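Summary of the model geometry
Listed below are the residues making up each chain.
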Amino acid sequence: MVWKEESEYKPQVIMGIGNQGSPYLGTALPLALVAAKYDFPNVYIISNENGGDEQYFGSARQSNELDIMNYLGKQLDLNSIIRYSSLEAMKPIALKEVIVYDTDYNFFNALWKWFKYAGTEGTLIHVVSPFYMMREYFAANFKRKTLLYSNNEYDAIIPNDIVLKRTLLASILASLADVGMTEDELMDISKKYKWDYIDVAKLLQDAILTVRGNEEFHTIYEHFIFDEEKFFEENKFIHRTRIKLADRNLIAQQKNQISQARMSFRDNEYMDLQILSGNIWNYYLPGQVVGFNRNYYTIKSLDLKEGIVHTQVTNPISIPDYFEISDYQLSNYQLVDGCVDSSIIDYNIYEATATKMIYGYISTNNGNDFSKENHPNVNSINNSATKNQTITINKVPVLEMNFLRASFGTLDEKQQEKVISLLCVLLKGLLKTLFPKTYPNIAVVPDFKFDSELIDHVMHHAFDYPEEDMIKATIPRIMVDGTKCDSRFIRMYIIEFSCIEYGMVKSIYDNRLAIFTKIYDYLDWYIASNEVNVENNKAFLFKVNIYIME
C-alpha cells in the first residue's frame with residue numbers, strides 16, 4: 001500500500017492521538033500503531049535519513065502516550081513490536097509488516113526492493129511517499145507490469161552511488177588542500193565505499209576530473225605534492241607519504257565549493273551532509289523545517305563561505321512542501337556543442353557563468369496545491385522583495401532548447417509562452433524522479449523577462465493573488481547577456497547550477513527522446529483522467545507528438 005506523506009492528512013488526528021496542533025507523528029508511526037493494535041507481531045519502520053525515526057518518534061510518543069494507550073485499548077510493549085532494523089526486517093520470518101520511505105521519488109523502487117524479503121506466510125508492505133509530480137501517475141498505472149516488476153523505464157539516470165562518489169571525491173580534495181592525507185587513509189576511504197581503485201594515482205586523477213569536468217588532464221604531479229614522512233612510534237620507524245593539493249586554483253575553489261557541507265545544531269555540534277558547500281542554497285532555505293539524521297530541524301541561517309547550515313532541533317506540527325521563488329542570469333556564454341537538431345527543436349550545449357537570485361519560497365501542507373483553501377504561506381528569506389540572496393557559479397553547463405514557433409500551429413505568442421511554461425513545470429517535475437539525489441541542482445527556465453511586479457505582489461500580497469500567479473512565481477525567469485533568440489523560435493534553458501558537474505545536462509540531452517515520451521505519456525494520462533476539454537485547452541497540448549515523431 002502506498003500512502004501520501006503530506007502533513008495535511010495527519011493520520012494521528014483521525015486515530016484520536018493529539019490534535020492538529022500536536023507534534024507531528026508522521027505517517028509511518030501511525031501505520032505501525034494500527035498494526036500493533038490488531039496484533040501484528042512484527043512491525044518494521046525502515047530508517048529514513050531525511051525524516052523522523054526512532055529517536056524522534058520516541059520523544060513524540062512520550063508527549064502523546066495517554067492518547068496512544070487509549071487508541072491501542074490495551075497494554076502493549078511497543079518497543080518489542082515496532083522496530084527500526086532493516087537487517088532484521090529482511091529475515092524471512094512468518095508474518096511481518098514493513099513500512100518504507102519513497103526516497104527515490106519512485107515508489108516502485110521501494111516496493112521492488114522489499115518484495116524480495118517477504119515473510120514465509122505473508123508480508124504487508126507500506127510505502128510512505130512524499131509529494132512529487134509522477135506519484136499520482138504511478139498510482140494510476142500501478143498494474144502496468146513494466147512499472148511494477150521491472151521499472152527500468154523510470155530508474156534514476158545517474159545512480160546514487162555515482163552521485164555520492166562525486167561528492168566525496170570533491171570533499172577529499174578539500175581535505176588534501178588542508179592538512180593532506182596519507183596513501184593509507186585514501187585507500188581506506190576507497191575500501192569503505194567499495195570503490196575499485198587499485199592505487200592512489202587513479203583515485204587522485206578521478207578526484208581532479210570530478211571538479212574540472214572534461215578539461216585536459218596530464219598527470220597528478222601537476223596538482224599534488226608528495227611529502228615523505230618518517231617518525232618513530234611504538235618501538236619502530238614509520239615511513240609514509242603524505243599527499244597535499246598544490247593546485248592554487250583548486251585550493252581557492254575548495255573552501256566554498258568542493259568541501260562537504262555541514263549542519264550545526266545544539267552546543268556547536270556538527271554533522272556532515274551528503275552535499276557540497278557550494279550547493280547548500282539549492283537544498284535549504286532559512287525558516288524551513290527539514291529532516292536529517294532521524295530528527296527534525298528548523299533552519300536558522302546558511303553560511304555559504306564556511307558551508308554550514310545552522311539549525312535548531314524542533315518538534316514540528318507539520319512538515320511542509322517548499323517551492324522556491326527565484327530567477328537566473330547567464331553571462332560569459334560559450335558554445336560547447338551544437339548537438340544534433342531536429343526540424344522542430346534546435347539544441348545547443350553551452351558553458352556559462354550563472355547567477356541565481358532567490359527571493360523566498362511558498363510552503364504548503366498539501367503538495368503543490370496553492371489554492372486559498374489550502375492556506376499556502378509565502379516566505380521571504382530577506383523580509384523584503386527588493387532584496388534577494390545571490391549565488392554565482394562559473395562554468396555551469398546549460399542546455400539551450402529553441403522550439404520552432406511554426407510548430408505550435410495557430411497558437412498566438414502568449415499561448416506559446418504558456419505552453420513553454422507548462423513544459424518547464426512538467427520537465428522539472430519529471431527530473432525529480434530521474435535525478436532523485438541531485439534534482440535541486442537543476443533548473444528548467446523559460447526565456448522570459450524578469451517580472452518584478454509579479455514577484456512583488458506574490459511576496460507581499462499572496463492571499464490576494466490568483467492561484468495561477470502563485471504557480472507562475474515558482475517558474476524561474478531568465479536574463480541572458482549578449483545573446484538574442486531568433487524570432488522564429490521560442491527558447492528555454494536547462495541549467496545545471498552546481499559547483500561540480502554531475503552530468504545532468506548531458507544526460508538530459510542524451511535521453512531527450514525518452515524524456516519527451518514520458519512527458520507525453522503523463523499529459524495523455526492527465527488529460528484523460530481529469531477530463532480536460534482539449535478544444536478549450538489548446539495551450540495545454542503543445543504538439544508533443546510532433547517532437548516525438550522527429
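Please refer to the structure placed before this passage.
A brief structural summary. No experiment lies behind these values; they were computed from the predicted model shown. Every chain's residues receive numbers from 1 upward, in the order its sequence appears when written. Given that this is a predicted model, residues contribute local features only at a pLDDT of at least 70 and side-chain atom pairs are listed and counted only at 80 or more, while totals for whole chains, interfaces and linings are drawn from all residues. Values shown for side chains rest on all heavy atoms present in the structure; no hydrogens or waters enter the calculation.

1. Details of the packing of helix 11 (residues 183–192) against helix 12 (residues 200–212)
Only the contacting stretch of a helix is used when fitting its axis, a line to C-alpha atoms as for every element, and angles between N-to-C directions run 0 to 180 degrees. Going along the chain from the N terminus, every DSSP run of H or I of four or more residues is numbered as a helix, and every run of E of two or more is numbered as a strand. Viewed as axis vectors pointing N to C, helix 11 and helix 12 meet at an angle of 70 degrees, and their least axial separation amounts to 10 Å. One way to sum up the angle between helix 11 and helix 12 is to call them roughly perpendicular. Where helix 11 abuts helix 12, its residues Glu183, Leu186, Met187 and Ser190 lie against Val200, Leu203 and Leu204. Its residues placed into classes, the contact of helix 11 with helix 12 shows 5 nonpolar, 1 polar and 1 charged. Each angle gets one of four labels, with under 35 degrees taken as roughly parallel, over 145 as roughly antiparallel, 65 to 115 as roughly perpendicular, and the rest as oblique. Residues count as neighbours in contact if any of their non-hydrogen atoms are within 4.5 Å of one another. Following the grouping adopted for this structure description, the nonpolar residues are Ala, Val, Leu, Ile, Met, Phe, Trp, Tyr, Cys and Pro, the charged ones are Asp, Glu, Lys and Arg, and the polar ones are all others, Gly among them.

2. Here's the deal with the sheet that holds strand 5 (residues 122–129)
Sheet architecture is open: 5 strands sit in the order 1-5-4-2-3, paired in parallel fashion. Bordering the open sheet on either side are strand 1 (2–4) and strand 3 (82–83), each of which pairs with just one other strand. Note that strand 1 and strand 5 share 3 bridges and pair parallel. Among the inter-strand pairings, Val2 is bridged to a residue of strand 5, identified as Val127. Strands strand 1, strand 2 (43–45), strand 3, strand 4 (95–101) and strand 5 of the sheet are contacted by helix 2 (residues 28–37), whose axis makes an angle of about 170 degrees with strand 4. Its contacts with the sheet place helix 7 (residues 107–115) against strand 1, strand 4 and strand 5, and it is angled at close to 160 degrees to strand 5. Paired strands are those between which DSSP finds at least two bridges.

3. Let's talk about the packing of helix 10 (residues 160–178) against helix 12
Angle between the axes and distance between the axes: these two values describe a pair of packed helices. Interhelical geometry of helix 10 versus helix 12 gives an angle of 105 degrees and a closest axis separation of 9 Å. Taken together, helix 10 and helix 12 sit at an angle that is classed as roughly perpendicular. Contacts from Arg166, Leu169, Ala170, Ile172, Leu173 and Leu176 of helix 10 reach helix 12 at Leu203, Leu204, Asp206, Ala207, Ile208, Thr210 and Val211. Classifying every residue of the contact of helix 10 with helix 12 gives 10 nonpolar, 1 polar and 2 charged.

4. So, helix 2
For every residue, the accessible area obtained with a 1.4 Å probe (protein chains only) is divided by the maximum for its type, and the residue is called buried under 20%, exposed over 50%, and partly exposed between those limits. Of all the 10 residues making up helix 2, 8 are buried; the element is thus mostly covered by neighbouring parts of the structure. Residues of helix 2 that are buried include every one of Ala28, Leu29, Pro30, Leu31, Ala32, Leu33, Ala35 and Ala36, and no others. In the stretch just after helix 2, Asp39 is the one whose phi turns positive, near 65 degrees.

5. Brief notes about the pattern of salt bridges
Any two side chains of opposite charge can pair, so long as their charged atoms come close to each other. Should a side-chain nitrogen of Lys or Arg be within 4 Å of a carboxyl oxygen of Asp or Glu, the pair is scored as a salt bridge. All chains considered together, the criterion is met by 16 salt bridges. The partner of Arg135 in a salt bridge is Glu6, with the nearest N and O atoms 2.6 Å apart. In this pair, Arg135 is assigned in helix 8 (residues 134–140) and Glu6 in the loop between strand 1 and helix 1 (11–14), connecting sequence segments 129 residues apart. Considered together, Arg135 and Glu6 belong to a single accessibility category, that of buried residues. The salt bridge partner of Glu88 is Arg83, with a shortest N-O separation of 2.7 Å. On the basis of relative accessible area, Glu88 is assigned to the partly exposed category, the value being 25%. A relative accessible area of 17% means that Arg83 is categorised as buried.

6. A closer look at the sheet that holds strand 12 (residues 295–303)
Strand order in the open sheet made by the 5 strands is 10-9-13-12-11, with mixed pairing throughout. Of all the strands in the sheet, just strand 10 (269–276) and strand 11 (289–292) have a single pairing partner and so form its edges. When strand polarity is set aside, the average angle formed by the axes of neighbouring strands in this sheet is 40 degrees. Sheet topology places strand 9 (residues 260–265) next to strand 10; 5 bridges connect them, and they run antiparallel. Across the sheet, residue Gln260 finds its bridge partner in strand 10, namely Leu276.

7. Considerations on the packing of aromatic side chains
In summary, the pairing rule links any two rings of Phe, Tyr or Trp, Trp by its six-membered ring, whose centres are within 6.5 Å, and it sorts them by plane angle into stacked for under 30 degrees, edge-to-face for over 60 and tilted for everything else. One pass over the full model with this rule turns up 28 aromatic pairs. The interplanar angle of 85 degrees and the centroid separation of 5.5 Å between the aromatic rings of Tyr105 and Tyr439 together place this pair among those described as edge-to-face. Residue Tyr105 is located in the loop between strand 4 and helix 7, and its partner Tyr439 is located in the loop between helix 15 (413–434) and strand 18 (442–446); the two are separated by 334 residues in the primary sequence. Grouping aromatic residues by their ring pairs yields a cluster made of Phe107, Phe108, Tyr137, Phe138, Phe142, Tyr154, Tyr522, Trp525 and Tyr526. Remark: a charge is flagged as sitting over a ring if the NZ atom of Lys or the CZ atom of Arg is within 6 Å of the ring centre and within 35 degrees of the ring normal. Directly above the aromatic system of Tyr347 lies the positively charged group of Arg512, at a separation of 5.4 Å from the ring centroid.

8. A few points about a negative patch on the surface
A patch consists of residues exposed above 30% relative accessible area that lack any salt bridge, with like charges linked at up to 9 Å and nonpolar side chains (Val, Leu, Ile, Met, Phe, Trp, Tyr) linked at up to 5 Å. A 1.4 Å probe and the Shrake-Rupley method give the accessible areas. Residues count as covered only by the protein chains that appear here. For the purpose of charge, His is not counted, nor are the chain termini; Lys and Arg are scored as positive and Asp and Glu as negative. The location of each charge is read from NZ of Lys, CZ of Arg, CG of Asp or CD of Glu. On the surface, Glu183, Asp184, Glu185, Asp188, Asp227 and Glu228 cluster together into a negatively charged patch. Looking at the negative patch, the elements that each hand over two or more residues are helix 11 and strand 7 (224–233). A per-element tally of the negative patch places helix 11 first, with 4 residues.

9. Some remarks on the side chain of Ser363
Examined against the element boundaries, Ser363 turns out to sit in strand 15 (residues 345–364). Under the rule applied, a polar contact is a pair of N or O atoms within 3.5 Å (in protein, one hydrogen donor and one hydrogen acceptor; residues adjacent in sequence only if both atoms are side-chain atoms). Within the structure, the side chain of Ser363 is placed 3.2 Å from the side chain of Asn379, a separation counted as a polar contact.

10. Points about unusual backbone geometry
For His375, which is not a glycine, the phi torsion comes out positive at approximately 55 degrees. Along the chain, the position of His375 falls in the loop between strand 15 and strand 16 (377–380). The phi dihedral of Lys395 falls on the positive side, at around 55 degrees, and the residue is not glycine.

11. Section: the side chain of Gln260
Structurally, the position occupied by Gln260 is in strand 9. A distance of 3.5 Å separates the side chain of Gln260 from the side chain of Ser171, its partner in a polar contact. Only 2.9 Å separates the side chain of Gln260 from the backbone oxygen of Leu273, close enough to count as a polar contact. If near-sequence neighbours (up to four positions away) are discounted, Gln260 is found in contact with Leu168, Ser171, Asp272, Leu273, Gln274, Ile275, Leu276 and Ser277.

12. A few points about the pairing of strand 11
Of the two faces of strand 11, both are covered, the one formed by Val289 and Gly291 as well as the one formed by Val290 and Phe292. As paired strands, strand 11 and strand 12 are joined by 4 bridges and run antiparallel to one another. Across the sheet, the residue bridging to Val290 is Tyr297, located in strand 12. Remark: 2 residues form the turn of the hairpin made by strand 11 and strand 12, two consecutive strands paired antiparallel; Asn293 in that turn has positive phi of roughly 50 degrees.

13. So, helix 7
Here helix 7 has its buried residues at Phe107, Phe108, Ala110, Leu111 and Trp114. Within helix 7, the buried residues cover an arc of 160 degrees as seen down the axis, which keeps them to one side. In this description, one arc is meant: the one made by directions from the helix axis to the C-beta atoms.

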